[in-house]
Amino acid sequence: MKNLWCWRCKMEVPMLDEEEYKIASKLYRRGFETGKCNMTRKIRFKELLDYYKELTGFEVTNPNAIMHHRIDLYGSACENCSKPYRTSKASFCAACGHKRESTMIDYGETLQEAAPKWWQKFWVLDSVD
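The rules behind each value
- Residues numbered from 1 in each chain as written.
- Predicted model: local features only at pLDDT ≥ 70, side-chain atom pairs only at ≥ 80, totals over all residues.
- Heavy atoms only, no water.
- Phe/Tyr/Trp six-rings, centres within 6.5 Å; stacked < 30°, edge-to-face > 60°.
- Helix = DSSP H or I, 4+ residues; strand = E, 2+ residues; numbered from the N terminus.
- Buried < 20%, exposed > 50% of the residue type's maximum accessible area, 1.4 Å probe, protein only.
- Polar contact = N/O pair within 3.5 Å; in protein donor to acceptor, adjacent residues only side chain to side chain.
- Contact = heavy atoms within 4.5 Å.
- Salt bridge = Lys/Arg side-chain N within 4 Å of Asp/Glu carboxyl O.

**A word on the packing of aromatic side chains**
Part 1 of the argument: Enumeration according to the criterion identifies 3 aromatic pairs in this entry.
Part 2 of the argument: Taking the centre distance of 5.3 Å and the plane angle of 25° together, the rings of Tyr28 and Phe45 count as stacked. Here Tyr28 is found in helix H1 (residues 18–34), whereas its partner Phe45 is found in the loop between helix H2 (41–44) and helix H3 (46–56), with 17 residues between them in sequence. Each member of the pair Tyr28 and Phe45 is classed as buried.

The structure is reproduced here in C-alpha cells:
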C-alpha cells in the first residue's frame, strides 16, 4: 500500500499493490455473486469495505472507488507536481497540465514479419504482369 494522488477523488488516498488488489478484487466479485438486488452497496460489499478500512485505516463507502485505487493503474510521478500520471502512457499530467517529454522508441527492433492471419490465406490477389 502507498498513498498517492487519485485524479478521480481529487485527493491523496491509499492505493493497493497487486497482492492487496487481488484480495480486494475477489471480495468485490463475491459482492456481486452473493449479493441480492434489494441490498444496498454498503451491505453487499461489506467485506470489501471492511478489508480496505482494516488495511488502510481509510473509510470508503463506494466499492467502485476501491477498485480504481490500484497502484499499477497509474503512471510515474509528474516531474512538475509529483502527482502520478493517469496512466503509464499519459503524455500530460491531469493535475497540473505539465507535458511529459516524449521519448523516442525504436520500433524497427520490435516489428518483425508477422505470420499471415488465418483469414488472409483466403484472399485472392490479382497480379499484374
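**Considerations on unusual backbone geometry**
Part 1 of the argument: Phi at Lys10 takes a positive value of approximately 60°, unusual for a residue other than glycine.
Part 2 of the argument: Position of Lys10 among the secondary structure elements: in the loop between strand E1 (2–6) and strand E2 (11–15).
Part 3 of the argument: For Lys10, a relative accessible area of 57% gives the class exposed.
Part 4 of the argument: The backbone of Ser82 sits at a positive phi, close to 70°, despite the residue not being glycine.
Part 5 of the argument: With respect to the helices and strands, Ser82 occurs in the loop between helix H4 (63–67) and helix H5 (107–110).
Part 6 of the argument: Given a relative accessible area of 56%, Ser82 falls into the exposed group.

**As for the side chain of Thr56**
Part 1 of the argument: Position of Thr56 relative to the elements: it lies in helix H3.
Part 2 of the argument: Among the polar contacts made by the side chain of Thr56, one reaches the main-chain carbonyl oxygen of Tyr52 at a distance of 2.6 Å.
Part 3 of the argument: Contact partners of Thr56, with chain neighbours within four places excluded, come to Met1 and Pro14.

**With respect to the pattern of salt bridges**
Part 1 of the argument: Evaluation of the coordinates by the stated rule reveals 4 salt bridges.
Part 2 of the argument: One salt bridge in this structure joins Asp50 and Lys46, with 2.7 Å as the shortest N-O distance. Separated by 4 residues within a single helix, Asp50 and Lys46 lie in helix H3, roughly one turn from each other.
Part 3 of the argument: Asp50 gets classed as partly exposed once you look at its relative accessible area, which sits at 39%.

Interpretation note: all reported values are geometric properties and have no functional meaning in isolation.
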